[in-house]
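In case you want the letters, here they are:
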Amino acid sequence: LVVAYRSSLANLQSKGCGAMRVLVIGAGASGLVTAKTLRERGHEVNIVSDSERVGGTFENKAYKDARMVSSKFLTLFSDFRKPDAEVHMSLKDYVTYLEQYKSHFQLGGLMRMGTAVLDVKRKADGSYTVVLQCAGETTVREEAWDAVAVCSGLHNIPRIPVFPGQEGFKGKILHSSTYKDPEIFRGQRVLVIGTGETGFDIGYAAATHGASAVTMSTRHGFVSVPSAFKPELPPLDCIIMNFGTHYWESDWAARVGLHWWITTKFTRMGFLIMTGTTYGFNQWVGKRYNMTWEEGRKHIVNKSNKCMPLMSRKAKKQASWWQRKLYSYWDGDTSVGQDIDLIEGSIAKLEGNAVHYNTNKGGQTSVDVDVVVLATGYRQRFPFLFPGPDEKPAEGAEFRGTDDPLPEEHFIVNPEEPRLAYIGFIRPNVGAIPPMSELQAMWWCEKLEGKLKCKAPDYYKLKDSRLNYGVDYGYYMFALAREMGAVPSLFHWFFRRPKVAITACFGQAHVPIFRLQGPWACKEAEETCSTELYTQVMRRPFMMNFIFFFEAIAFAVINSVIGVLETKVGQALAVAGAGLGLAMSSRGDVMRSLRN
């Protein structure tokens with residue numbers, strides 16, 4: 001296979017990238033941007049999807065009042081912006097945006113909707129045979145493709161645990177993937193199992209739509225920080241800075257997480273001063289099990305911002321009067337919704353209408369419910385690549401199911417099989433998947449053409465994360481950009497267009513930044529950085545940017561020193577300096593002895 005790959009790669013490079021025929025599986029955000037990017041490089045592209053509409057998860061798993069938790073500034077693709085859109089778009093509006101993206105780049109003619117992929121097999125020459133079946137047909141067809149991009153999304157096959165005693169449970173159990181309207185909760189006692197963003201949305205919907213009682217449960221806790229603090233401030237994902245973390249970070253500092261080690265302490269102290277807790281922002285319950293002061297590069301932040309006050313305000317009622325007075329500001333209108341209980345523990349059994357728990361503190365508790373919502377996430381399955389029975393879960397709340405593997409190289413490709421790409425199968429701590437998919441598609445094109453400049457380490461992986469594909473958004477984006485040669489020069493832009501330099505320096509890792517220079521440079525990216533994204537940097541409070549400026553200088557100095565010490569010359573100078581210091585110390589000891 002290695003020989004076949006090298007032969008096919010050489011053949012591809014001699015022909016030019018336009019020689020490849022690529023099948024894209026999936027018509028969500030990742031599939032659309034991948035198809036557009038591939039075609040931009042001259043590939044022959046086709047999109048297949050078993051759905052009848054574009055949008056993927058944003059279309060199929062949408063529910064009433066669902067909104068994006070990442071802002072439009074970060075989420076929207078680099079060359080198709082929507083300045084008039086809401087900062088956090090509704091899922092319906094985002095699907096409309098994807099439809100407009102499809103039309104704008106004329107992708108409709110490439111699409112075959114209602115077409116399922118049954119099997120993908122690699123041939124000896126490195127190409128693929130794909131078995132397809134159209135909706136309503138009993139026959140299948142085989143097609144030959146040079147390369148395949150899997151863009152079927154993370155949220156397809158629900159992860160459904162089975163609990164002891166479930167067969168005798170008198171209430172209703174549903175997975176969050178089937179939830180559509182909060183009216184089903186009216187007059188019901190509701191239990192939401194899981195505290196991710198969807199779980200938070202459902203808990204809030206139940207608490208504000210007439211449920212008689214609402215309880216949420218978590219086994220391992222969570223980290224809650226709202227997607228937006230105030231309307232006059234930039235959203236959460238626009239108050240993150242690149243300069244000290246990515247532009248100037250030495251290999252050692254990135255490897256040990258120096259930036260996170262320092263900033264975690266200041267962030268948590270800020271949470272404590274402003275909201276009375278260090279678990280998260282205004283998060284008085286549900287501390288994440290591995291929350292420490294030493295390292296922050298391990299949490300995927302829950303940015304759904306309406307549910308947390310309903311849980312925290314109940315905890316605050318048990319606090320002292322001055323804490324209630326001081327920190328209730330962040331709870332908003334207390335007449336909205338009812339308080340939500342939180343159980344921290346694992347389900348022991350279901351019995352009648354009761355759900356019994358073993359708590360994390362070693363005790364037992366139970367709650368009577370009419371509706372149980374399993375916000376337990378999804379399984380990572382690719383049945384057309386890894387055929388086999390879809391295992392039924394064994395009884396027990398700890399069941400997580402068998403996940404199919406993701407590739408080794410940045411979760412995009414395996415080194416021995418570069419023509420099979422997985423696009424969009426990452427989960428950022430604070431970020432969004434669509435822009436990551438766009439950069440992944442660009443990286444894959446460079447990979448296929450043998451044009452990557454270097455090999456970046458995978459320091460972006462989150463530590464102790466329950467998701468093996470959890471990544472730090474900024475670290476990941478810069479890793480791909482470095483390999484493509486797409487990290488812009490701050491000095492170049494400072495003298496050419498200062499607003500662009502300020503955006504690249506003090507802004508988030510927006511995709512347009514990586515289209516300022518390098519193989520995917522475009523004029524639209526320069527305009528976006530100097531206007532739309534620059535405005536978000538300037539919307540920050542003066543003191544925030546003031547702190548960011550000095551933080552950038554401090555990290556630049558620290559990393560410059562470390563960077564020098566990492567070189568052979570620096571190490572030689574350090575050893576020489578240490579030797580000179582020891583020699584001077586010894587000489588001093590000798591002189592003192594002689595005087596004595």
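Our subject is the structure that appears above.
Residues numbered from 1 in each chain as written. Predicted model: local features only at pLDDT ≥ 70, side-chain atom pairs only at ≥ 80, totals over all residues. Heavy atoms only, no water.

**Student:** What is the right way to read the sheet that holds strand S1 (residues 21–25) from this model?
**Tutor:** Strands belonging to one sheet form pairs held by backbone hydrogen bonds; the direction of such a pair is parallel or antiparallel. The parallel open sheet is built from five strands, whose spatial order is S3-S2-S1-S7-S17. The open sheet has two free edges, formed respectively by strand S3 (111–113) and strand S17 (420–422), since each of these has just one partner strand. For this sheet the average axis-to-axis angle between neighbouring strands, irrespective of direction, equals 15 degrees. Note: S1 against strand S2 (residues 44–49), five bridges, orientation parallel. Each residue of the ladder has a partner; that of Leu23, found in S2, is Asn46. (Pairing = 2+ DSSP bridges. Helix = DSSP H or I, 4+ residues; strand = E, 2+ residues; numbered from the N terminus. Axes fitted to C-alpha atoms, helices over the stretch in contact; angles between N-to-C directions.)

**Student:** Just to check I follow, could you spell out the pattern of salt bridges for this structure?
**Tutor:** Opposite charge on two side chains makes pairing possible when the charged atoms of those side chains draw close. Applying the stated criterion to the full structure yields 35 salt bridges. Ionic pairing is found between Asp403 and Arg159, a salt bridge with its closest N-O pair at 3.2 Å. Residue Asp403 is located in the loop between strand S16 (378–379) and S17, and its partner Arg159 is located in the loop between strand S8 (157–158) and strand S9 (172–175); the two are separated by 244 residues in the primary sequence. We classify Arg159 as buried; its relative accessible area is 7%. A single salt-bridge network, built from bridges that share partners, covers Lys36, Glu40, Asp79, Glu438 and Arg515. (Salt bridge = Lys/Arg side-chain N within 4 Å of Asp/Glu carboxyl O. Buried < 20%, exposed > 50% of the residue type's maximum accessible area, 1.4 Å probe, protein only.)

**Student:** Explain the nonpolar core here, please?
**Tutor:** One broad rule of soluble globular proteins: the nonpolar side chains tend to lie buried together. Core analysis: the biggest nonpolar cluster contains 132 residues, and Met311 and Trp444 have the highest contact counts within it. If one sorts the elements of this core by residue count, helix H13 (residues 473–484) sits on top with nine residues. In terms of nonpolar packing, the next biggest core, distinct from the first, is built from 13 residues, Ile193, Val355, Tyr357 and Val372 among them. (Core = buried A, V, L, I, M, F, W, Y, C linked by side-chain atoms within 4.5 Å.)

**Student:** Please explain the environment of Gly168 as it appears in this structure.
**Tutor:** Residue placement: Gly168 occurs in the loop between S8 and S9. The sequence separation of Gly168 and Glu351 amounts to 183 residues, and the corresponding C-alpha distance is 6.6 Å.

**Student:** Before we go on, may I ask you to explain the packing of helix H12 (residues 433–448) against H13 in this structure?
**Tutor:** Two quantities define a packed helix pair, namely the angle between the axes and the distance from one axis to the other. Packing of H12 against H13 brings their axes to within 10 Å, and their N-to-C directions diverge by 25 degrees. Here H13 runs roughly parallel to H12, going by the angle between their axes. Crossing angle aside, the handedness with which H12 passes H13 is left-handed. In this structure, H12 contributes Pro435, Met436, Leu439, Gln440, Met442, Trp443 and Glu446 to the contact, and H13 contributes Tyr473, Tyr476, Met477, Leu480, Ala481, Glu483 and Met484. For the contact of H12 with H13, a count of residues per class yields eleven nonpolar, one polar and two charged. (Parallel < 35°, antiparallel > 145°, perpendicular 65-115°, else oblique. Left-handed = near helix turned anticlockwise from the far one by under 90°. Contact = heavy atoms within 4.5 Å. Nonpolar A, V, L, I, M, F, W, Y, C, P; charged D, E, K, R; others polar.)

**Student:** What's the story with the pairing of strand S12 (residues 341–351) in this structure? I'm lost.
**Tutor:** Two faces belong to every sheet, and in a regular strand the side chains alternate between them. Direction of pairing for strand S11 (residues 213–218) relative to S12: parallel, over a ladder of four bridges. Residue Thr218 lies in a different strand from S12, and its bridge partner there is Glu344. Bridge count for S12 against strand S13 (residues 354–359) is six bridges, and the pairing is antiparallel. Its bridge partner lying in S13, Ser346 is registered against Asn358. Here S12 folds back onto S13 in antiparallel fashion, the turn holding two residues, of which Gly352 has a positive phi close to 65 degrees.

**Student:** Just to check I follow, could you spell out the side chain of Gln536 for this structure?
**Tutor:** Position of Gln536 among the secondary structure elements: in helix H16 (residues 523–539). In this view, Gln536 contacts Phe73, Pro234, Pro235 and Cys238; residues no more than four positions away in its chain are not counted.

**Student:** When you look at helix H9 (residues 258–275) in this model, what are you seeing that I'm missing?
**Tutor:** An α-helical segment advances 3.6 residues per turn. Residues three or four places apart therefore align on the same side. The end-to-end C-alpha distance of H9, which contains 18 residues, comes to 26 Å, matching closely the 26 Å that a straight helix rising 1.5 Å per residue would cover. Maximal helix bending in H9 amounts to about 25 degrees, located at Thr264. Among the residues making up H9, those that are buried are Leu258, His259, Thr263, Thr264, Arg268, Phe271 and Thr275. Gly276 occupies a position one or two residues after H9 and carries a positive phi of about 85 degrees. (Expected span 1.5 Å × (residues − 1). Bend = angle between axes of the 7 residues up to and from the residue.)

**Student:** What's the story with the layout of surface pockets in this structure? I'm lost.
**Tutor:** To find leftover empty space, one rolls a probe the size of a water molecule over the atoms. Taken as a whole, the second largest pocket holds about 1600 Å³ of empty space. What lines the second largest pocket is a set of 47 residues, among which Ile239, Thr263, Thr267, Phe271 and Phe548 lie closest to the centre. Elements that contribute at least two residues to the lining of the second largest pocket include exactly helix H7 (243–247), H9, H13 and helix H17 (542–566). For the lining of the second largest pocket, the leading source of residues is H9, giving eleven residues. When the residues that make up the lining of the second largest pocket are grouped by side-chain class, the tally is 29 nonpolar, 14 polar and four charged. (1 Å grid on protein atoms, 1.4 Å probe; cavity = no way out; pocket = protein on both sides within 12 Å on 5 of 7 lines; lining within 4 Å. Points joined across faces, edges and corners; volume = space filled by probe spheres on them.)

**Student:** Would you mind showing me how to read a nonpolar patch on the surface here?
**Tutor:** Together, Phe542, Met543, Phe546, Ile547, Phe549, Phe550, Ile553, Val557, Val561 and Leu565 make up an exposed nonpolar region whose accessible area comes to about 990 Å². Inspection of the secondary structure assignment puts Val557 in helix H17. (Patch = residues over 30% accessible without salt bridge, like charges linked within 9 Å, V, L, I, M, F, W, Y side chains within 5 Å. Areas by Shrake-Rupley, 256 points an atom, 1.4 Å probe, with all protein chains shown as cover.)

**Student:** Before we go on, may I ask you to explain unusual backbone geometry in this structure?
**Tutor:** For residues other than glycine, phi is negative in most cases, and the peptide bonds are mostly trans. In this structure, Asp65 is a non-glycine residue whose phi angle is positive, near 70 degrees. Residue class for Asp65 comes out exposed when judged on its relative accessible area of 57%. Here Gln106, not a glycine, exhibits a phi torsion of approximately 55 degrees, which is positive. Among the structural elements, Gln106 can be located in the loop between helix H5 (91–104) and S3. Residue Gln106 is classed as exposed on the basis of its relative accessible area, which comes to 62%.

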